[in-house]
Amino acid sequence: MALKTIGLFGGTFDPVHDGHLHVALEAKNALNLDEVRLLPCHQPPHKNTPELSSEQRLLLLRLAANNLDGLLVDDRELRRDKLSWTVDTLKECRTEFGDEVSITLLMGADAYNGLQSWHHWQMLPKLAHIGVLQRPGYQLPHHGVLADWLAVSTAAKIHTEAAGMVIAIKQPILPWSATEIREQLIRGVRPKGLPKVVFDYIVTHQLYGFTENRD
């Protein structure tokens, strides 16, 4: 029996840019998912505190994802107001969606390579599938548990089983980075890779200290 398929793509989205949206849509198409939920995190355990507040990042994300078919914004991690452990998010989603929904956690290959440092990482495949976004230059594990998970998985089972598969998804190299975009905004430069509606809001509210450089 085919299950409903939901992808989860988390991040700080500080700010959301075209690369985030492209990755989410490409993964949705590659795995033929019914929807992908964008989950902004409140306090990322493995990153510095975001530049913008949770409310500002959420607003920009909703502006960017509006009218993009199959992309939804899910604010559950912001509502928890504590460290955004992925295992807690998956437990909450599994309770909400039930066992008749296939959930796929989407993450970059760099994150997957470091998965064994995550909080209760062994539980993740019991709660969801894992879609590893593999860009050129990022190697996947060749030995150990993480390599074994990849070796025994089959993408087709994402549509018939609720959890347990680990699938590599090839992704192109994208020219946008949130760090570089923030640096350009601080310098008063209009960055490439920002949705117009996001840039317009940043300009109007002078987020990231943006003041247009007219020199």
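Further up the page is the structure itself.
Along every chain, residues carry numbers that run from 1 in the direction the sequence is written. For this predicted model, a pLDDT threshold of at least 70 governs which residues receive local features, and a threshold of 80 or more governs which side-chain atom pairs are given and counted, while totals over whole chains, interfaces and linings are taken from all residues. The side-chain quantities take in all heavy atoms of the structure and omit both hydrogens and water.

Section: the side chain of Asp14
Move 1: Take Asp14: it is sitting in the loop between strand E1 (4-11) and helix H1 (18-31).
Move 2: Residue burial is assigned from relative accessible area. The probe radius is 1.4 Å, only protein chains are included, and a residue is buried under 20% of its type maximum, exposed over 50%, and partly exposed in between. For Asp14, a relative accessible area of 4% translates into the label buried.
Move 3: For Asp14, the side chain forms a polar contact with the main-chain nitrogen of Leu52, separated by 3.3 Å.
Move 4: Reaching out from Asp14, the side chain makes a polar contact with the side chain of Tyr208 at a distance of 2.7 Å. The secondary structure listing takes helices from DSSP runs of H or I that are at least 4 residues long and strands from runs of E that are at least 2 residues long, numbered from the N terminus. Any N or O atom pair separated by 3.5 Å or less is treated as a polar contact, with the protein-specific requirement of one donor-capable and one acceptor-capable atom, and with residues adjacent in sequence counted only for side-chain atom pairs.

Topic: the sheet that holds strand E2 (residues 35-40)
Move 1: On the basis of which strands lie adjacent, the open sheet formed by six strands has the order E3-E2-E1-E4-E5-E6 and parallel pairing. Each edge of the sheet is formed by a strand with only one pairing partner; in this case those strands are strand E3 (71-73) and strand E6 (166-170). Each adjacent strand pair in this sheet contributes to an overall mean axis angle of 30 degrees, direction not counted.
Move 2: Where E2 meets E3, three bridges bridge the pair, whose relative direction is parallel. Note on E3: the bridge partner recorded for Arg37 is Leu72.
Move 3: Residue contacts follow a heavy-atom distance rule, with two residues in contact if any of their heavy atoms lie within 4.5 Å. Note on geometry: axes are lines fitted to C-alpha atoms, helical ones only across the stretch in contact, with angles between N-to-C directions running from 0 to 180 degrees. In the packing of H1 onto the sheet, the strands contacted are E1, E2, E3, strand E4 (101-108), strand E5 (129-134) and E6, and the crossing angle to E2 comes to about 145 degrees.
Move 4: Sheet strands touched by helix H4 (residues 86-97): E1, E2 and E4. Its angle to E4, the strand with the most contacts, is close to 160 degrees. DSSP-based pairing: two strands are paired if at least 2 bridges between them are found.

Some points on the packing of aromatic side chains
Move 1: A pair of aromatic rings is counted whenever rings of Phe, Tyr or Trp (Trp by its six-membered ring) have centres within 6.5 Å, and the orientation is called stacked for planes under 30 degrees apart, edge-to-face for over 60 and tilted otherwise. Scanning all chains against the criterion turns up three aromatic pairs.
Move 2: Centroid distance Phe9 to Phe13: 6.0 Å. Interplanar angle 80 degrees. Geometry classified as edge-to-face. The exposure classification of Phe9 matches that of Phe13, with both residues buried.
Move 3: Ring geometry for Trp121 and Trp149: centres 5.6 Å apart, planes at 50 degrees, overall tilted. With a gap of 28 residues between them, Trp121 in the loop between helix H5 (109-113) and helix H6 (124-127) and Trp149 in helix H7 (residues 145-151) connect regions that are remote in the sequence.
Move 4: Residue classification places Trp121 among the buried positions, given a relative accessible area of 12%.

Distances and angles like these do not, on their own, reveal function.
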